[in-house]
Amino acid sequence: MWDYKELYVGGKWVAPATNRRVEVVSPHSEQVLGSVPEAAEPDVDRAVEAARQAFDAGPWPRTDPAERLAAVRRFAAAYADRADELAGLISTEMGAPLWFSQVGQVGATMMALDAFLAAAERVEWEERRIGSFGGQVAVRREPVGVVGVITPWNVPHFITIAKLAPALLTGCTVVLKPPPESPVSGLVLAELLDQAGLPEGVVSVLPAGREVGEHLVRHPGVDKIAFTGSTAAGRRIAALCGQDLRRVTLELGGKSAAIVLDDADVPMTVQGLQLASLMNSGQACIAQTRILAPRGRYDEVVDALAAMVGALRVGDPLDMDNYIGPMVARRHQERVESYIRIGQDEGARLVLGGPGRPDGLDTGWYVRPTVFAGVDNGMRIAREEIFGPVLSVIPYEDEDDAVRIANDSDYGLAGSVWTADVDHGLEVARRVRTGTLGINMYNLDFNAPFGGFKASGIGREFGPEGIDAYVELKSVALPLW
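Residues numbered from 1 in each chain as written. Predicted model: local features only at pLDDT ≥ 70, side-chain atom pairs only at ≥ 80, totals over all residues. Heavy atoms only, no water.

Engineer: Explain the overall build of the protein to me, using residue names and the numbers behind them.
Structural biologist: Helix and strand counts for the protein come out as 15 helices and 23 strands. Against the globule reference of 23 Å for 481 residues, the protein gives a C-alpha radius of gyration of 23 Å, in line with a compact fold. Across its three principal directions, the C-alpha atoms of the protein cover 70 × 60 × 40 Å. When burial is assessed residue by residue, the protein has 60% of its 481 residues classed as buried. Intrachain contacts of the protein at a sequence separation of at least 6 include 71% that bridge at least 24 residues. Accessible surface for the protein amounts to roughly 18,900 Å². Of this, 51% is attributable to carbon and sulfur atoms. Placing the 46 positive and 64 negative side-chain charges of the protein at their respective mean positions leaves the two points 5 Å apart. (Helix = DSSP H or I, 4+ residues; strand = E, 2+ residues; numbered from the N terminus. Rg over C-alpha atoms; globule rule 2.2 N^0.38 Å. Buried < 20%, exposed > 50% of the residue type's maximum accessible area, 1.4 Å probe, protein only. Contact = heavy atoms within 4.5 Å. Areas by Shrake-Rupley, 256 points an atom, 1.4 Å probe, with all protein chains shown as cover. Lys, Arg positive; Asp, Glu negative; His and termini not counted. Charge placed at Lys NZ, Arg CZ, Asp CG, Glu CD.)

If you want it as structure tokens, here you go:
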């Protein structure tokens, strides 16, 4: 189905340095769908050299910001023209249910592009301030330089755009490393970037694994790394960047808590948690997988969740009637199932699901959507990111206890509060140590900063803060005379 022969290096399709290939395997059928070249360290060296030359001597960083906006708009238009095709590609390649690929993958990518373009139009690239000693100071926003972008497989285009769009709009050059689980999604973005007519050297796209990613992180020609992925990998990247004081943005894992207050409408809450907890088959860092319920309504919440999850259809991701698709790879299927067994061994009560393949599915890397009750927040299933359709329902005594449990986590990426009193919900949300929350919902707002506290990362994406993550600030004091 897919048979790319070349890599996209510095704005040109070129032969790879080696004959290594990445096989693309369907998570649904387990059949090989094609292959693409696997980038090696010499490919990274070529790409960084091209990006370095384009940044240091090329026109892109010195181009009028309006021209950079126009180029990103051309890319956005080309992306929108292929929206339906791209949604199907993502679902086929990494297994996201098609309904989610249309809305939460491709649809969200287009919305994010529009938001970045609007935010960039409002940026004051150079402003004048009154100086402390009289006179003026010119404060400039200048591009940070060559950016290495390393992205995961779960939402391949959306997460890439969160980094690529602001980098390009500020005048940076980019070397993008998509993961081996979704390499075609990355190379299709290269095709669309090629259509946008960027100058030579501005963008390279190199599908590869962790070793090549580490080479990119270590490369002395790179000024900043932007990464989304596991907290373990983020710690490694932060350590490597710290050695050279290289700029870094890290969007990492989560173990988000949905706090169901005593006055919540349980049917409405559970309907909202269907998306908030199980989007992308649970393969989402923002998924609300810890459900905190008051003891007085605990059984009601557990029963309603079990009924909701049990009614969801599991199967072929290209079937719009299926809400849950397969895990991205066999090893990930096995990892999620291992956590389900861990939950049983820890003494949690299995209400729905459990280890094993869902009924009626003879192939594919599927797991049974699972709900655990009787979960203590100290259990591994409540503390570690499972990244699959596994929910833990945790009882609490009062609101102070709920906030304590929500904050008792290594992570702090997302969360939600469910209540009949929105103002009171906001009061509770203010007490939760996490980067993004929703009241009676959860979704990202592309006009606001997104990122995490604690082990969920460093820095913010989206909003004007997401653009400032790709600039250096320069102050120039002007003379009094």
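Following the structure, the description resumes.
Engineer: Give a description of the pattern of salt bridges that names residues and reports values.
Structural biologist: Going through the model one piece at a time under the given rule, you end up with 31 salt bridges. The partner of Glu85 in a salt bridge is Arg82, with the nearest N and O atoms 2.8 Å apart. Its salt-bridge partner being Arg331, residue Glu181 comes within 2.2 Å of it at the nearest N-O pair. Of the two residues, Glu181 is situated in the loop between strand 9 (173-177) and helix 6 (183-196) and Arg331 in helix 11 (residues 330-346); the sequence distance between them amounts to 150 residues. (Salt bridge = Lys/Arg side-chain N within 4 Å of Asp/Glu carboxyl O.)

Engineer: Run through the sheet that holds strand 15 (residues 349-352), naming residues and quoting values.
Structural biologist: Pairing between the strands of a sheet comes from backbone hydrogen bonds, and it takes one of two forms, parallel or antiparallel. One open sheet holds the seven strands; their spatial order is 15-16-17-14-13-19-20, and the pairing between them is mixed. Only two strands of the sheet have a single neighbouring strand rather than two, namely strand 15 and strand 20 (438-439). Sheet topology places strand 14 (residues 290-294) next to strand 17 (residues 390-396); five bridges connect them, and they run parallel. Bridged to Ala293 within strand 17 is Pro395. Strands strand 15, strand 16 (370-373) and strand 17 of the sheet are contacted by helix 11, whose axis makes an angle of about 20° with strand 16. Running over the sheet, helix 13 (residues 399-407) touches strand 13 (257-260), strand 14 and strand 17 and is turned about 140° from strand 17. (Pairing = 2+ DSSP bridges. Axes fitted to C-alpha atoms, helices over the stretch in contact; angles between N-to-C directions.)

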